[in-house]
Amino acid sequence: MIKYSQIRPFGLILLAIVVIPLPTLGFELPKFVVLSTLSTLAALHLLLSKEPIIRLFLRTISGKLYLAFGLAVLLSIAISVAPIASIVGVAPRFQGVLTYCCAMILGIDAAHMVQSKRGRATLLYAIISTNMLVVLYGTMQMLKLDPFKQWWLDEAFLGRVFSTIGHPNMLGQFIVLTLPFVGIVLQRAQQRVVRLWWFACITLNMVVLFGTVSRSAMLGAGVLVLLSAPVIKQWVKEQRTTIKAGHAFVLSFFVVIVASIGFLFFAQRFSQSFELGRSSSAREVIWSVAATMIAHRPQGWGLDTMAFTSPGYIGKEIYAYESLTTVVDRAHNELLQMLLSVGFVGCALWLVLVASVLYGSWQHGQQDRSGMLKAAGRGIAAYAVTLLFGFPSLVTLVFFWVLIGICIGRLEGKDVSTPQWVERSVQCVFTAIAVIALVVSVQWMHARWLYAQARVTEGLRTFQYDRQNLIDAAQVHLFALEQNPGDASIAESTEAIIEILNHLTAGQDGMVHILRAWLAATQGDSERTYASLNAAHTFYYQSIMEHRAALHILSLIGDTVGAYEHESAIRSFLPNAFFDESSQLHRILLKQHPWLEHITDAPPRGE
C-alpha cells in the first residue's frame, strides 16, 4: 500500500515536469491540476493527523506573518475589481487566490514535514530529484536532443532553454531556488564517485542556467555564490587533501568546457544590437505603468486582474519593445506586482515575511544540523533577487512557499497552545479551499481539452470562467454571424458569451465592448456599434489591437472615414524603425502581423 509520505515527493516532481503539448493546455494548466491535487492530499493529511499545525506557526514571528499573508490573500477578494477572476485566476498564469492558497498549504505541510528526520529526508529527496529531472531535460535542449522539440514554439525564446518549466527566466528562478539543496548532498557525500556525481549535477545546473540567458537569474546565482562562499571555501579546503592532481585537472577542464558552452548562449543572444536592451527598456515602460496603476488604486486591484486592467494605462511606447499583440499581465517586479494585487498591506506582509525568514535562516542556520534551513534561506534570497526583474511561474511560486515553510518549520520559537476547535476549523478551511481548487482545475482542464477538439459549446458548458476561451468562442460566433447575419440563434449565443465574460471581469474588460460593437455591426446597428466602440475606448489608452478591431468592425457597416482614422492611429503607434524597410524590426513585425502590409505604407504626417 502506497503511503502519503511516498506520494509527497512524487507530487512535487510531477508538478515540475508535467506538460501536455497542446496550445490550449500547455505548461501551466496541467501543473495547476497537479498542484490542487497535491494540496488536497496535504490538507486531508493535516486534517486526519489531528496534529496542531497552527501552533507550529504561532510560535515564531515568521509563522505569524505567514498566516497573516494567507489571510490577506483571502481578503484581497473583497478589494478586487473582478472577484471571480481573482479567485480562479486568469490564463496563461493561473495564479489567482486558489493557486496561492494551494501553494501555501504545501508550505504548511512542508513546515510539518521538517519536524521529523524522515520528513526532512523526503523533502530533500523531492527537491533534488525535481532539480535533476528539470536540469537534465534542459541539458538535452541545449544539446539539440530534445525528443519533443516539434511540440514547442522554441523560436519564441530565441534558442533559450526553458525545460519543463515553460519559460527561460522562470527556469533560472527554479535553479537558484533548488540548487542549494544539491549542495547539501554534495557536502555529505563521503565516497569519491558520489562526490563527483553531485559535483557534475551542480555544474550542469550552472550550464543550464547559462542556457536560459536570463540576466536576472544570473544575478540571483551571483547572490547565491556570495552567500555560499564560506561553505564553498571550506569544501574546497577539505577536498585538497583527498583529490589527486590529475582528477583536479580533469574536473577543472570539465568545468571550463561546460561553462564555455553556456557562455556561447549568452553571446549568441546579445551579439545582435536588436536584442540588446529590449527587455530592460520594456520593463521600464511596464514599471511606469504599474506605478501609475498603484497610485490610482493603492488598496490593490486583485490577484490576476492586470491582463484586462492594464490596457487603460499602457502607451504606444511599449510597441518599440514588445509584440503588437502583447498582453501586459505582470509588472515584471514582484514588489510592484504585490502592490498591484493585494495592496500596501498585503505587500508589506509579504516583504516582512521574506525578510524575517531570511534573518531567521542566517541567525539560526548554524544550529540546524540538517542544513535545510541554510539551504532554503539561500535559495529564497537568490530567488527574491530574480523577482526584482521578473515574476514567478506556477512551479517557482510553489517551491518558494515550500522553502518558506521549511524555514518556519526549522526556526526555534516559544511554544504556544491553541484550542483544538481552532486547529480543526482552520484545517477544515484548508481542505475546503484545496477541494474547490481541485474541482476548478479539473473542470478547466476538461474545458480546454474540449476546445482543443473544436467542441466549443461543450467547453463553455463545462467551465465558464476562462477569459481567453470566452473571447475566442465569441470571435468564432461573430465570424459565423458575418456569414449568416440573420441567424438569431448565433446572435443569442454570442450575446450570452459576452455577458458571461462581462460577469467574470465585473465590467472591467474593454474586450466586452469591442465584442458588443462587433455583434452590433454584424446586425447593421450603427448606433449601437458606435456606442460600444466609444465605451471600449475608455478601457484602452493607446492600443493597436483596439484600433485593428475597430477597423474591421467599421468596415462591416461601411464607415470608410472612421476606418481611415483608425488606420492612421495604427500607423502613429508603430515604432519609427518599422517604416525603414531594411530594418530587422520591419521584417519581424511583418512576419508576425502580415495585415500591417496593407495599411502602413507610410507613417502619418507629423510623426
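Here, every reference points to the structure presented above.
Every chain is numbered independently, its residues counted from 1 as its sequence is written. It should be noted that, the model being predicted, local features are given only for residues of pLDDT at least 70 and side-chain atom pairs only at 80 or more, the latter also being counted only at that level, while totals for whole chains, interfaces and linings use all residues. Working from all heavy atoms in the structure, the side-chain values ignore hydrogens and water.

Caption draft 1: Region of the structure containing the overall build of the protein chain. A tally of regular secondary structure across the protein chain gives 25 helices and zero strands. Remark: exposure states derive from per-residue accessible area (1.4 Å probe, protein chains only) relative to the maximum for the residue type, with buried under 20%, exposed over 50%, and partly exposed in between. For the protein chain, with 607 residues in total, the buried portion stands at 55%. Once local pairs closer than 6 in sequence are excluded, the contacts in the protein chain between residues at least 24 apart make up 74%. Counting every atom, the protein chain has about 27000 Å² of accessible surface; 63% of that belongs to carbon and sulfur. Secondary structure elements follow DSSP: runs of H or I no shorter than four residues count as helices, runs of E no shorter than two count as strands, and numbering proceeds from the N terminus. Residue contacts follow a heavy-atom distance rule, with two residues in contact if any of their heavy atoms lie within 4.5 Å. Areas reported here follow the Shrake-Rupley algorithm with a probe of radius 1.4 Å; residue values treat only the protein chains shown as occluding.

Caption draft 2: The environment of Thr 178, seen in detail. Here Thr 178 is to be found in helix H8 (residues 168-188). Here a polar contact is recorded for every N or O atom pair within 3.5 Å, except that within protein the pair must consist of a potential hydrogen donor and a potential acceptor, and residues adjacent in sequence are included only if both atoms are side-chain atoms. A distance of 2.8 Å separates polar atoms of two side chains, one belonging to Thr 178 and the other to Asn 131.

Caption draft 3: Molecular detail of the pattern of salt bridges. What counts as a salt bridge is simple: a side-chain nitrogen of Lys or Arg found within 4 Å of a carboxyl oxygen of Asp or Glu. Under the counting rule described, the total for this entry stands at nine salt bridges. Among the ionic pairs, Arg 410 bridges to Asp 368, the shortest N-O distance being 2.7 Å. With Arg 410 in helix H16 (residues 394-410) and Asp 368 in the loop between helix H14 (334-364) and helix H15 (372-386), this pair connects stretches of sequence that are 42 residues apart. Note on Arg 410: relative accessible area 22%, which makes it partly exposed. Ionic pairing is found between Glu 499 and Arg 516, a salt bridge with its closest N-O pair at 2.6 Å. Separated by 17 residues along the polypeptide, Glu 499 in helix H20 (residues 488-504) and Arg 516 in helix H21 (residues 510-522) bring together distant segments of the chain. Under the relative-accessibility criterion, Glu 499 is labelled partly exposed at 35%.

Caption draft 4: Broad picture of the environment of Arg 528. Considering the arrangement of structural elements, one finds Arg 528 in helix H22 (residues 526-537). Arg 528 sits 11 residues away from Ala 517 along the chain, and the two C-alpha atoms are 6.7 Å apart. Other than its neighbours up to four places away in sequence, Arg 528 contacts Ala 520 and Gln 523.

Caption draft 5: Representation of the side chain of Gln 95 within the structure. Counting through the fold element by element, Gln 95 comes out in the loop between helix H5 (83-88) and helix H6 (97-113). If we skip the residues at most four places from it in the chain, Gln 95 touches Gly 89, Tyr 100, Leu 303, Asp 304, Arg 330, Pro 392, Ser 393, Leu 394 and Leu 397.

Caption draft 6: View of helix H2 (residues 28-49). For a helix, the expected span equals 1.5 Å multiplied by the residue count minus one. End to end, H2 covers 31 Å across 22 residues, agreeing with the expected 32 Å (1.5 Å per residue, within 8%). With 16 of 22 residues buried, H2 lies mostly within the body of the structure.

Caption draft 7: A look at the side chain of Ser 341. Within the element layout of this structure, Ser 341 appears in helix H14. For Ser 341, a relative accessible area of 4% puts it in the buried group. When residues no more than four places from it in sequence are discounted, the contact partners of Ser 341 are Ser 76, Ile 79, Gly 300, Trp 301, Gly 302 and Leu 303.

Caption draft 8: Region of interest: unusual backbone geometry. Residue Pro 92 is bonded to the preceding Ala 91 through a cis peptide linkage, with omega at 10 degrees. Relative to the assigned elements, Pro 92 resides in the loop between H5 and H6. You will see that Ser 163, though not glycine, has its phi angle at about 50 degrees, which is positive. Its location among the elements puts Ser 163 in the loop between helix H7 (117-142) and H8. Located in the positive-phi region is Ala 454, a residue other than glycine, with phi close to 65 degrees.

Caption draft 9: The arrangement of the nonpolar core in detail. Formed by 142 residues in total, the largest nonpolar core has its most connected members in Tyr 66, Phe 69, Leu 123, Phe 181, Val 398, Trp 401 and Ile 406. Leave out the neighbours within four places in its chain, and Val 398 touches Leu 12, Leu 15, Leu 35, Ala 103 and Leu 106. Buried Ala, Val, Leu, Ile, Met, Phe, Trp, Tyr and Cys residues that are joined via side-chain atoms within 4.5 Å together make up what is termed a nonpolar core. Counting residues in hydrophobic clusters, the runner-up holds 33 residues, among them Phe 308, Tyr 451, Val 456 and Leu 470.

Caption draft 10: Up close: H14. Here H14 contains 31 residues, and its C-alpha end-to-end distance of 27 Å is more than 12% below the 45 Å for a straight helix at 1.5 Å per residue. Within H14, the axis deviates most sharply at Val 342, by approximately 125 degrees. Capping the start of H14, Asn 333 holds a side-chain oxygen 3.0 Å from the backbone nitrogen of Leu 335, two or three residues further along. Note that bend, as reported per residue, equals the angle between axes fitted to the 7 residues terminating at that residue and the 7 residues originating from it.

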